[in-house]
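Understanding the architecture of this molecule
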Amino acid sequence: MWHGKIFCFSALLTALFSSGTATAQEPDIDCESAKRYLVEQYDRSDPATNEKYYEIWSSAQCVRARENAELHVDPDIASNEQFIRSLSQDYDARLAQLPAICQSIVDNRWSHASEKFRLQQKKSELLASCIRNRQHSVRAEYLNRLNKEAAAQFVEKQRLNREQIAADEAADAMRRAEYEKKMEQWRDAVKRCEAGDVRYCSSGL
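Below is a summary of the structure that appears in this document. (Residues numbered from 1 in each chain as written. Predicted model: local features only at pLDDT ≥ 70, side-chain atom pairs only at ≥ 80, totals over all residues. Heavy atoms only, no water.)

Moving on to the state of the cysteines. Evaluated as defined, the whole model comprises three disulfides. The disulfide bridge from C31 ends at C62, spanning 1.9 Å between sulfur atoms. Between C31 and C62 the sulfur-sulfur dihedral comes to about -90°; the bridge is accordingly left-handed. Placement of C31 in helix α2 (residues 31-41) and of C62 in helix α4 (residues 60-71) is noted, with a sequence separation of 31 residues between them. (Disulfide = S-S within 2.5 Å. Helix = DSSP H or I, 4+ residues; strand = E, 2+ residues; numbered from the N terminus.)

Below, the structure is given as structure tokens:
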């Protein structure tokens, strides 16, 4: 049933981003924010900020977090993707576009990076992070849309049910009114027949 598929979106986002985030991190290290900056916001005009986020992202703690994330397969993500594929024919096609999109992004960032950054950076890891982040975003997009469609269909189904109930009740009331009308006519005929008006007498009375 559709309404059984409606997710709590805040809880869903927690599940979506549990892979590769802060499960193995100390509170003062934000590996995910550093990764997003390097992939999506890197600005060659601000080398100090670039180096700051790279130092965080390349720290031993964030490396361990990424290694742990690679070994972790979230069953909620697998379940969500199965749900999406059952209702969306273009989901895998969208995912298939991500490597090329991220390759362009990473190449652009790489071409404008400082020499020190390129020496310290692993381009393959930056590409993998970009693809993983965008996979999360696409998954959240589809789930959000499907949840809204499910909610709308559930509301529409309730409306149609109410209309059907109202129509059934109206038809039943009409049948009862017709029956009462016929019974009243029959009772009137019986009275007239018993009063001697043979026009109202019949074998069925």
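Taken as a whole, this structure holds 16 salt bridges when the rule is applied. In this structure, the salt-bridge partner of R159 is E156, at a minimum N-O distance of 2.5 Å. Of the two residues, R159 and E156 are both situated in helix α8 (residues 123-194); the distance of three residues between them amounts to about one turn of the helix. Put simply, R199 and D197 hold a salt bridge, and the shortest N to O gap is 2.9 Å. Of the residues examined, R199 reaches a relative accessible area of 68% and is grouped as exposed. One continuous salt-bridge network, built from bridges that share partners, spans E81, R85, D92 and R139. (Salt bridge = Lys/Arg side-chain N within 4 Å of Asp/Glu carboxyl O. Buried < 20%, exposed > 50% of the residue type's maximum accessible area, 1.4 Å probe, protein only.)

L38, F117 and C130 are the most contacted members of the largest nonpolar core, which has 16 residues in total. Each residue touching F117, except ones within four places of it in the same chain, is listed here: L38, Y42, E51 and Y54. Ranked by size, the runner-up nonpolar core spans nine residues in total, among them L95, V138, Y142 and L146. (Core = buried A, V, L, I, M, F, W, Y, C linked by side-chain atoms within 4.5 Å. Contact = heavy atoms within 4.5 Å.)

Moving on to the packing of aromatic side chains. Evaluated as defined, the whole model comprises four aromatic pairs. Here the aromatic rings of Y54 and F117 are separated by 5.2 Å at their centres, their planes lie at 65°, and the arrangement is edge-to-face. With Y54 in helix α3 (residues 47-57) and F117 in helix α7 (residues 115-120), this pair connects stretches of sequence that are 63 residues apart. For Y54, a relative accessible area of 4% corresponds to the buried category. For F117, a relative accessible area of 2% translates into the label buried. Ring geometry for Y91 against Y142: centres 5.2 Å apart, planes inclined by 70°, an arrangement best described as edge-to-face. One end of the pair, Y91, is in helix α6 (residues 91-111); the other, Y142, is in helix α8, and 51 residues separate them in sequence. Of the two residues, Y91 and Y142, neither departs from the other in class, the shared state being buried. (Phe/Tyr/Trp six-rings, centres within 6.5 Å; stacked < 30°, edge-to-face > 60°.)

Further remarks concern α6. Between the first and last C-alpha of α6 there are 31 Å, a value that for 21 residues agrees with the 30 Å anticipated at 1.5 Å per step. Of all the bends found along α6, the most pronounced is centred on L98 and spans about 30°, while P99, a proline, follows it within four residues. Y91, L95, L98, C102, I105, V106, R109 and W110 are the residues of α6 that are buried. (Expected span 1.5 Å × (residues − 1). Bend = angle between axes of the 7 residues up to and from the residue.)

It is worth spelling out the packing of α6 against α8 at this point. Interaxial distance between α6 and α8 falls to 9 Å at its minimum, and their mutual angle equals 140°. Comparing the axis directions of α6 and α8 gives the class oblique. Viewed along their axes, α6 and α8 form a crossing whose handedness is right-handed. Of α8, the residues touching α6 (which contributes Y91, R94, L95, L98, P99, I101, C102, Q103, I105, V106, D107 and W110) are K123, L126, L127, C130, I131, R134, Q135, V138, R139, E141 and Y142. Residue composition of the contact of α6 with α8, by class: 15 nonpolar, two polar and six charged. (Axes fitted to C-alpha atoms, helices over the stretch in contact; angles between N-to-C directions. Parallel < 35°, antiparallel > 145°, perpendicular 65-115°, else oblique. Left-handed = near helix turned anticlockwise from the far one by under 90°. Nonpolar A, V, L, I, M, F, W, Y, C, P; charged D, E, K, R; others polar.)

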